[in-house]
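Residue strings, one per chain:
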Amino acid sequence: MIEFEGVGLRYHTGPEVLSDVSFHCAPGSFHYLTGESGAGKTSLLSLLNLSKAPTRGLMTMFGENLNRLNRAELVPLRRKMGMVFQDFRLLSHLNIFDNVALPLRIMNVTERDVRQNTEELLNWVGLGGRLAAYPQSLSGGEQQRVAIARAIIGRPHVLLADEPTGNLDEEIGNQIINLFNELHRMGTTIILATHNRQIWQRFPHPRLHLHNGQVTCLHSPYDTLQGTAA
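No experiment lies behind these values; they were computed from the predicted model shown.

A. Representation of the overall build of the protein within the structure. Looking only at helices and strands, the protein features seven helices and 10 strands. Overall size of the protein, expressed as C-alpha extent along the three principal axes, is 50 × 40 × 30 Å. Among the 230 residues that make up the protein, the fraction classed as buried is 47%. Pairs at least 24 apart in sequence give 66% of the contacts found in the protein among residues at least 6 apart. In the structure as shown, the protein presents an accessible area of about 11600 Å², 48% of it carried by carbon and sulfur atoms. For the protein, the distance from the average site of its 21 positive side-chain charges to the average site of its 21 negative ones is 4 Å.

And the structure:
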């Protein structure tokens, strides 16, 4: 599904923020992306969501060598991906139904299918009774569930999440991780960036750990940087 070989990234003429990054994620896998602040998690996510191109190395996604694709050829690949952000990024002038429905409307899905799929998904995340509510009237956990619903309404093959529990208390954060685990069980490939050690210890999955711009794959939640690399 995703493979990096010797990937490097630098901004302008500065030093590399990612260096010789190599790892692979199989279809249907779940990986945490961990590392100290400034380790390069956001930069790696920007490569994964195809908003940045590497300055060197090979990136392969969905069986495609990304180095050979132009910007227009990346569009169909982006449609196979969903993204969840720590700050939700909901549109305040739209109710939650219209926030979640927006990606389908952009894809020109019929309004009948938009309504059916959006209502089913909002029921699944526990917000079926709040279709007409606006984001500012919801709690942080509710807004994050709306953001997850919007990210997966197009049934992405890969779901990326950037600190999705960072602004939530522990109980609500655990509920959000349970949603990601359910999506994983349904076959979605997930990469979830988090600095919260309690999450990856309580809900164990392999970790892609960033340190000094390089990645080590750790298979146990208790592995350290001396753990076994993939």
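B. Summary view of the pattern of salt bridges. A complete count under the given rule lists eight salt bridges for this structure. Among the salt bridges present, the one from Arg130 reaches Glu142, with a minimum N-O distance of 3.4 Å. Of this pair, Arg130 sits in the loop between helix 4 (111-124) and helix 5 (140-152) while Glu142 sits in helix 5, and the two are 12 residues apart along the sequence. The class for Arg130 is partly exposed, based on a relative accessible area of 29%.

C. How the structure looks around the packing of helix 5 against helix 6 (residues 170-185). Closest axis-to-axis distance for the helix 5/helix 6 pair is 10 Å, and the angle between their directions is 15 degrees. Of the possible angle classes, the one that applies to helix 5 and helix 6 is roughly parallel. Between helix 5 and helix 6 lies a crossing of right-handed hand. The segment helix 5 lies against helix 6, with Gly141, Gln144, Arg145, Ile148 and Ile152 engaging Ile172, Ile176, Leu179, Phe180 and Leu183. Broken down by class, the residue content of the contact of helix 5 with helix 6 amounts to seven nonpolar, two polar and one charged.

D. Representation of the nonpolar core. In terms of nonpolar packing, the biggest core is built from 37 residues, with Tyr32, Ile148, Leu159, Phe180 and Leu192 touching the most fellow members. Here this core gets six residues from one element, more than from any other, and that element is helix 5. Sequence-distant contacts of Phe180, defined by excluding residues within four places in its chain, comprise Phe30, Val84, Ile148, Leu159, Ala161, Pro164, Ile190 and Leu192. Among the nonpolar cores identified, the runner-up in size contains 31 residues, and Val21, Leu74, Leu160 and Val215 belong to it.

E. Quick look at the sheet that holds strand 2 (residues 16-25). Strand order across the open sheet formed by four strands is 2-1-4-5, with antiparallel pairing between neighbours. Taken across any chain shown, the strands that pair with only one partner, and hence form the sheet edges, are strand 2 and strand 5 (64-65). Bridge count for strand 1 (residues 2-10) against strand 4 (residues 56-61) is five bridges, and the pairing is antiparallel. Among the inter-strand pairings, Glu5 is bridged to a residue of strand 4, identified as Leu58. Packing of helix 1 (residues 41-48) onto the sheet brings it into contact with strand 1, strand 2 and strand 4, and relative to strand 1 it is tilted by some 125 degrees.

F. Molecular detail of the packing of aromatic side chains. Considering all chains together, one arrives at two aromatic pairs under this definition. Judged by centre distance (4.7 Å) and plane angle (25 degrees), the rings of Phe4 and Phe23 are stacked. Here the residue Phe4 occupies a position in strand 1, and Phe23 occupies one in strand 2, the gap between them amounting to 19 residues. Taken individually, Phe4 and Phe23 each receive the classification buried, so the pair is uniform in this respect.

Calculation rules
- Residues numbered from 1 in each chain as written.
- Predicted model: local features only at pLDDT ≥ 70, side-chain atom pairs only at ≥ 80, totals over all residues.
- Heavy atoms only, no water.
- Helix = DSSP H or I, 4+ residues; strand = E, 2+ residues; numbered from the N terminus.
- Buried < 20%, exposed > 50% of the residue type's maximum accessible area, 1.4 Å probe, protein only.
- Contact = heavy atoms within 4.5 Å.
- Areas by Shrake-Rupley, 256 points an atom, 1.4 Å probe, with all protein chains shown as cover.
- Lys, Arg positive; Asp, Glu negative; His and termini not counted.
- Charge placed at Lys NZ, Arg CZ, Asp CG, Glu CD.
- Salt bridge = Lys/Arg side-chain N within 4 Å of Asp/Glu carboxyl O.
- Axes fitted to C-alpha atoms, helices over the stretch in contact; angles between N-to-C directions.
- Parallel < 35°, antiparallel > 145°, perpendicular 65-115°, else oblique.
- Left-handed = near helix turned anticlockwise from the far one by under 90°.
- Nonpolar A, V, L, I, M, F, W, Y, C, P; charged D, E, K, R; others polar.
- Core = buried A, V, L, I, M, F, W, Y, C linked by side-chain atoms within 4.5 Å.
- Pairing = 2+ DSSP bridges.
- Phe/Tyr/Trp six-rings, centres within 6.5 Å; stacked < 30°, edge-to-face > 60°.

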